[in-house]
Each structure stands twice: as structure tokens, then as C-alpha cells.
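# Breakdown of the fold
Here's the letter readout for the chains.
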Amino acid sequence: ADCRYTCHQECRSLIQLDCRRQCQSQLSPESTLLPPGSQNVTQTVEEEKPEPPTVQEIKQRIEKYNAKVTNCLLMKLSDDGTYTGFIKVHLKLRRPVTVPAGIRPQSIYDALKEVNLAEMTDKRTSFYLPLDAIKQLHISSTTTVSEVIQGLLKKFMVVDNPQKFALFKEMRKDGQVLLQKLPPTEYPLYLQLLAGPDSDVLSFVLKENETGEVEWDAFSIPELQNFLMILDKEEKDKIQQVHRKYERFKQRLQQTLKEARGKPG
């Protein structure tokens, strides 16, 4: 009634979410379903940011971070106090994305030369990215959430408006999975430094930017056509299910009437 979250009636009892308007028992549009026995909470309250750490504190944190790293994905501190490292981003996109039609995937050579293959053609097509694909990104401490989103879209040659997407941080604590939407000016690498290299403690998720009502004007014609095709298929499947259900019911009634002929009553 308040946040207008939509789900199947059968799934209602499985959803445990926060609501930014009412109490914690309400439903929130920025959420995901989890397996039974786990809980998913979407935090919407802005956290107060502490004072920025000194260079010495950053150095100590990086040394502590690198001591826990089990692979070669270390953080490196520069002389100017900035540092670089890796973050892991899960792509959990439910809608198709728009990409250039007939363009080969970007090679390492193109990336080094900063060649933008998407600008080489005006033709567009839409397709679904693999569900829960994972991408390791090498970024700087000055890289913002907005720049991470733009970098991911560029790597996959997605030409959609970056404002359609949002970056979330996913944390596990006390048996709960906390999913919080990050503001565009947040620094993901600093969050990773505070949490440590364990992806079970902190990882990042790219999802659609659910801000309420769908802004249909932000979608391209191929995307809208895909939506119509999906809805048409779902409608036909539902009609076939109803037809099969009542056909079976009709057959049972006819069989019952046939067996009852000639019997008293």
C-alpha cells in the first residue's frame, strides 16, 4: 500500500524487507528474494560518514588488508596518499540491456587504446546479460560509484543511460544479508578496504535503479519491443494454462456423467 512492491501472491510469505516510509514489516521495492532460512534487509537510512583517515591510517589499513589477501589482488599505496585495488561486482540485471548490433567484443588492444566500438555504429539490439555474472574491477580510491557504473557499462558495450543502474553493497552479518544502495559519490574501494578482501563480508551488486514508477521514456525502442514480446509470451502461456485446466475439468465431468448413467439418483 505504501511502497507498492509487487510480487506473486504465493511469494508474499517469503519476503522480509524494510520500508522507508513505515515499519520494518512493510515491503520495499529495492530487494531480492533469498533462500529459506536467510533474511534480506535493504537499508535506506543514510549513514553518517566519519572523518577521512590520515595517510598513515590508510597505510596501516592497507598492510592489514594485504595480509589477508589469498590471491594476487593486493592494494597499492601511492606517494600522494591515493591507492588502487580490486572490487568484485555481481551483475544482477533483470531487464535486457542495449548494445551495438554486429560489433565484436572489445579486445585488450582496444581497451589500451581506449577505442569505443559502440560509437562505430548506430544500429542497436537488446539482450539479457548472464544472470549473476561477476566482474573484477581495478579501480582507484578516488573512483566513485558513478564512475564504476560507467566503467562496467563500457566494458560490456552497454549504451543505456547509466542512470538506469545503481550500485549496491551486499554485506553478511549475523546470518543476515544486507543490501544497501550506494550514492553516486561514494568510493567503493574505501568500503572494500574497511571490510577486508573477503567477498562474503562485502561485495558489490549492479542492479536496475528502482526509484519508484518506471520511467518508460528512458528506454529505447528495442527495449520496449522486448518488453512487449515478453509480456505477450507470458500472456499466451497463461491462456494455455487456463485452457488445459478447464479441459481436464471438462473431461472429468464427462467421465463422471458417463459412469452415472443408468444409476438411480
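Bear in mind that the values here come from a model prediction, so they are computed numbers and not experimental data.

## Regarding the nonpolar core
I87, V89, F165, L167, F204 and L206 are the most contacted members of the largest nonpolar core, which totals 32 residues. Those elements that provide at least two residues to this core are helix 1 (55–68), strand 3 (83–91), strand 4 (97–100), strand 6 (133–140), helix 3 (145–155), strand 7 (165–173), helix 4 (188–195) and strand 9 (202–208). A per-element tally of this core places helix 3 first, with five residues. Here F204 is in contact with I87, K88, V89, H90, L167, F168, K169, L182, P188, L191 and Q192, once residues within four sequence places are set aside.

## What about helix 4?
Buried residues of helix 4: P188, L189, L191, Q192 and L193, and no others. In this structure, the buried side of helix 4 is in contact with helix 1, strand 3, strand 6, helix 3, strand 7 and strand 9. Looking one or two residues beyond helix 4, the residue adopting positive phi is G196, at roughly 100 degrees.

## Quick word on the pairing of strand 3
As judged from the two bridges shared by strand 2 (residues 76–77) and strand 3, these two strands associate in the antiparallel manner. Looking at strand 3, one finds that L77 is bridged to Y83. Connecting the antiparallel pair strand 2 and strand 3 is a turn made up of five residues, with G81 showing a positive phi of about 95 degrees. Pairing analysis gives eight bridges linking strand 3 to strand 6, with the strands arranged antiparallel. Bridging across to strand 6, V89 finds its partner in K135. Note: strand 3 against strand 9, three bridges, orientation parallel.

## Brief notes about the confidence of the model for the protein chain
Per-residue pLDDT for the protein chain has a mean of 76; in total, 69% of the residues score no lower than 70. In this model, residues 20–46 is a region of pLDDT below 50 whose contacts with residues beyond four sequence positions or in other chains number 66 contacts. With pLDDT under 50 throughout, residues 107–112 is counted as low confidence; its partners more than four residues away or in other chains account for four contacts.

Reading guide: rules and limits
Residues numbered from 1 in each chain as written. Predicted model: local features only at pLDDT ≥ 70, side-chain atom pairs only at ≥ 80, totals over all residues. Heavy atoms only, no water. Core = buried A, V, L, I, M, F, W, Y, C linked by side-chain atoms within 4.5 Å. Buried < 20%, exposed > 50% of the residue type's maximum accessible area, 1.4 Å probe, protein only. Helix = DSSP H or I, 4+ residues; strand = E, 2+ residues; numbered from the N terminus. Contact = heavy atoms within 4.5 Å. Pairing = 2+ DSSP bridges. pLDDT = per-residue confidence, 0-100.

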